[in-house]
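# Notes for the structure review
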Amino acid sequence: MIEPSFPWERPLVRFVEGKMRGSPPSHDFSHVKRVVRLCEVIRREEGGDAEVLRAAAWLHDVGRPVEERTGEDHAKVGAEIAEEILPEVGFPEGKVGEVVHAIEAHRYSTGPNPETLEAMILQDADNLDAMGAIGVARCFCVVGERRTTLEDGVRHFHEKLLRLSDLMHTGTGRRIAERRRKKMIRFLEWLEAETDGELGVGRPRG
Ligand SMILES: [Fe+2]
Ligand SMILES: [Fe+2]
């Protein structure tokens, strides 16, 4: 459990947990908790407003269940939900706009580019959770959820996941991303060797 740092945090976490109940394992509440933690790790090195970042991290994927149902962009939906819920839980009004921007900008494929340090940290943290051992686990969760194939999963590493380290905004994000990237490469070598018929009793190369 992540200890709440702010008085508004407990009711907000309860709200988000409720909204995300029943989400598929690739994008469930445990992903949100890992992103909150990663944001904290990066912020300690890079600075940034802890309150803005905490709220943005908790809420960044709260629009996902709506996207699953309607196809609407979850970053946009999440930003709208944030505007409504934050004043209700007593979040400082003057900071709502910064939270909304970070949520709107958290996807690198859609929405505006992250313009504030907090928005950059959130995008770094969200992308880091798609890398390393967690990235491997989540990638194959998506394969199961979409009923595609292991080959599609492997293609996703090459087309997207191995490239995420180039998209990092912060130095701390880049350092963690490089470590996680190396782990994914070792995993892919291991997978390839076993796919080619190796017995799987040795250690992965590298
Ligand atoms: Fe997202
Ligand atoms: Fe996310």
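The shown structure was predicted, so the numbers you read here are calculated from the model rather than taken from an experiment.

## Some details on the overall build of the protein
Check the secondary structure of the protein and you find 10 helices and zero strands. In sequence order, the protein lays out its α and β elements as α-α-α-α-α-α-α-α-α-α. In terms of C-alpha radius of gyration, the protein reaches 18 Å, essentially the compact-globule figure of 17 Å for 206 residues. Considering only contacts in the protein between residues 6 or more positions apart, those separated by 24 or more positions represent 60%.

## Digging into the environment of Leu191
Here Leu191 shows up in helix α10 (residues 171–195). Spatially, the C-alpha atom of Leu191 lies 9.2 Å from that of Val154, the residues being 37 residues apart in sequence.

## Quick word on the domain arrangement of the protein
Under the domain assignment used here, the protein contains domain 1 (1–117) and domain 2 (130–206). Domain 1 puts nine residues into the contact, and the matching count from domain 2 is 10 residues.

## Describing the nonpolar core
In this structure, Cys39 and Ala56 are the most contacted members of the largest nonpolar core, which totals 47 residues. Secondary structure elements with two or more residues in this core: α1 (9–19), α2 (29–46), α3 (50–59), α5 (74–88), α6 (96–104), α7 (117–128), α8 (132–146) and α10. The residues that make up this core include at least three from each of domain 1 (1–117) and domain 2 (130–206). In this view, Ala56 contacts Val99, Ala102, Ile103, Glu118 and Leu122; residues no more than four positions away in its chain are not counted.

## With respect to the packing of α2 against α7
Here α2 crosses α7 at 130°, and the two axes come no closer than 9 Å. Taken together, the axis directions place α2 and α7 in an arrangement best described as oblique. Crossing geometry of α2 relative to α7 is assigned as right-handed. Together, Val35, Leu38, Cys39, Ile42, Arg43 and Glu46 of α2 and Leu117, Ile121, Leu122, Asp124, Ala125, Asp126 and Leu128 of α7 make up the contact between the two elements. Within the contact of α2 with α7, the residues separate by chemical class into nine nonpolar, no polar and four charged.

## Describing unusual backbone geometry
Glycine aside, negative phi is the norm for most residues, and most peptide bonds take the trans geometry. The backbone of Arg147 sits at a positive phi, close to 50°, despite the residue not being glycine. Along the polypeptide, Arg147 turns up in the loop between α8 and α9 (150–159).

## Thoughts on α1
For α1, the set of buried residues is Glu9, Leu12, Val13, Val16 and Lys19. Along the axis of α1, the buried residues cluster in a sector spanning 130°; they form a single face. Turned more than 90 degrees from where α1 packs its buried face, Arg10, Arg14 and Gly18 sit exposed. Against the buried residues of α1 lie α2, α3, α4 (64–70) and α5.

What counts as what
Residues numbered from 1 in each chain as written. Chains lettered and ligands numbered in written order. Predicted model: local features only at pLDDT ≥ 70, side-chain atom pairs only at ≥ 80, totals over all residues. Helix = DSSP H or I, 4+ residues; strand = E, 2+ residues; numbered from the N terminus. Rg over C-alpha atoms; globule rule 2.2 N^0.38 Å. Contact = placed C-beta atoms within 7 Å. Domains from an automatic or database assignment. Core = buried A, V, L, I, M, F, W, Y, C linked by C-beta atoms within 7 Å. Buried ≥ 20, exposed ≤ 12 C-beta atoms within 10 Å, placed from the backbone. Axes fitted to C-alpha atoms, helices over the stretch in contact; angles between N-to-C directions. Parallel < 35°, antiparallel > 145°, perpendicular 65-115°, else oblique. Left-handed = near helix turned anticlockwise from the far one by under 90°. Nonpolar A, V, L, I, M, F, W, Y, C, P; charged D, E, K, R; others polar. Arc of directions from axis to C-beta.

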